[in-house]
Structure formats: structure tokens, C-alpha cells
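# Residue-level structure breakdown
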Amino acid sequence: MAELPANIAVASGFVSTPSDAIWDFVSDVANWPRLFPDWIAAVVADDDRFTATGPAKEKADLYPAADAESRSLEVEVVDELGSADTLRLRVLDVSGGSIVFVVHGRLSGTSDAAWHAKRDAVESGLLALSVS
């Protein structure tokens, strides 16, 4: 198997909670400040999208498209400069709980430091996943 390109990241987390409850939580991007607090500080609904504000006051528009049956979510993320990528999230039901996978990419023009911070924030959010 080939190594992932440097501009793509994959993260996962396990939680001993049934997948229905995890899906309800992670598929609602309004919960993402709790899920990914080191990446997203606030989310506000705005017509057909959500506006996310990061810890350093950076902004991005989030356009979610959910498929509840397959427990998959695709979120187009568009930053302030118009650079876009699609974050893909999937919840799997496994023995003893659920696993959440996220595949996301580096937005064009993102600094190395900002890319590493986002990758780490998504990974740490999934590792600390909890719906309580």
C-alpha cells in the first residue's frame, strides 16, 4: 500500500458508546467545538452553511452533507481565501462501541504550522471522543 500524500491526514478514535449516539453527536457540526476544540472554537448556523471560527479567530464555512444510513458525513470546508477541501467522517459500529474515522486535506495556502495544528487537533479530538 502506498503512503498517504503529505496533504492528506487520517485520524480515528474509539468510544464505548453505541454508534447511533455517536453519529447523532459527530454529524451535527454545531457540536464540533466540543469535538475538535483545538481546531474550532465556535460554530454558527448561517443559511445553507455553518461558519466556524478557530482559536486564532480564523474563519471557514462548513457545508455538511450527511448520509445517516451509512453514518457518513462529507463537509466541504472553505477558508477565508476561498480554498476548499472535503472532510470525510464515518462512524462504524464495532464490538463494545464505535469507531469514528476522519479523512481531511490541507487547504491550499495553509502554512506547515497551521496544517500540523489542524491534523493534531482532529486526531486529539477523536482520541478524546465523548458525548457526555
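In short, a report on the structure.

Thresholds, definitions, all that
Residues numbered from 1 in each chain as written. Predicted model: local features only at pLDDT ≥ 70, side-chain atom pairs only at ≥ 80, totals over all residues. Heavy atoms only, no water. Salt bridge = Lys/Arg side-chain N within 4 Å of Asp/Glu carboxyl O. Buried < 20%, exposed > 50% of the residue type's maximum accessible area, 1.4 Å probe, protein only. Pairing = 2+ DSSP bridges. Helix = DSSP H or I, 4+ residues; strand = E, 2+ residues; numbered from the N terminus. Phe/Tyr/Trp six-rings, centres within 6.5 Å; stacked < 30°, edge-to-face > 60°. Patch = residues over 30% accessible without salt bridge, like charges linked within 9 Å, V, L, I, M, F, W, Y side chains within 5 Å. Areas by Shrake-Rupley, 256 points an atom, 1.4 Å probe, with all protein chains shown as cover. Contact = heavy atoms within 4.5 Å. Polar contact = N/O pair within 3.5 Å; in protein donor to acceptor, adjacent residues only side chain to side chain.

Scanning the model with the defined rule gives six salt bridges in all. Across the pair Asp 48 and Arg 49 runs a salt bridge, and its minimum N-O distance is 4.0 Å. With relative accessibility at 23%, the residue Arg 49 sits in the partly exposed group. The structure contains a network of salt bridges with shared partners spanning Asp 46, Asp 48, Arg 49 and Asp 61.

Turning our attention to the pairing of strand β6 (residues 84-94). Pairing analysis gives seven bridges linking strand β5 (residues 72-79) to β6, with the strands arranged antiparallel. Looking at the pairing, Glu 74 lines up with Arg 88 of β6. Two strands pair when backbone bridges link them, and β6 and strand β7 (residues 97-105) are joined in this way by seven bridges, in the antiparallel orientation. Of the residues in β7, the one forming a bridge with Leu 92 is Ile 99. Linking two consecutive strands that pair antiparallel, namely β6 and β7, is a turn of two residues; a positive phi of about 90° is found at Gly 96 within it.

Considering all chains together, one arrives at three aromatic pairs under this definition. Taken together, the aromatic side chains of Trp 32, Phe 36 and Trp 39 make up a single cluster linked through ring pairs.

Taken together, Leu 4, Val 10, Phe 101 and Val 103 make up a surface patch of nonpolar side chains, about 300 Å² in accessible area. Counting through the fold element by element, Phe 101 comes out in strand β7. Take Phe 101: its relative accessible area is 31%, and that puts it in the partly exposed class.

A few words on the environment of Ser 83. Here Ser 83 shows up in the loop between β5 and β6. On the accessibility criterion, Ser 83 (12% relative accessible area) is buried. Separated by 41 residues in the primary sequence, Ser 83 and Ser 124 have C-alpha atoms spaced 24 Å apart. If near-sequence neighbours (up to four positions away) are discounted, Ser 83 is found in contact with Val 77, Val 78, Leu 107 and Ser 108. A distance of 2.7 Å separates the side chain of Ser 83 from the backbone nitrogen of Ser 108, its partner in a polar contact.

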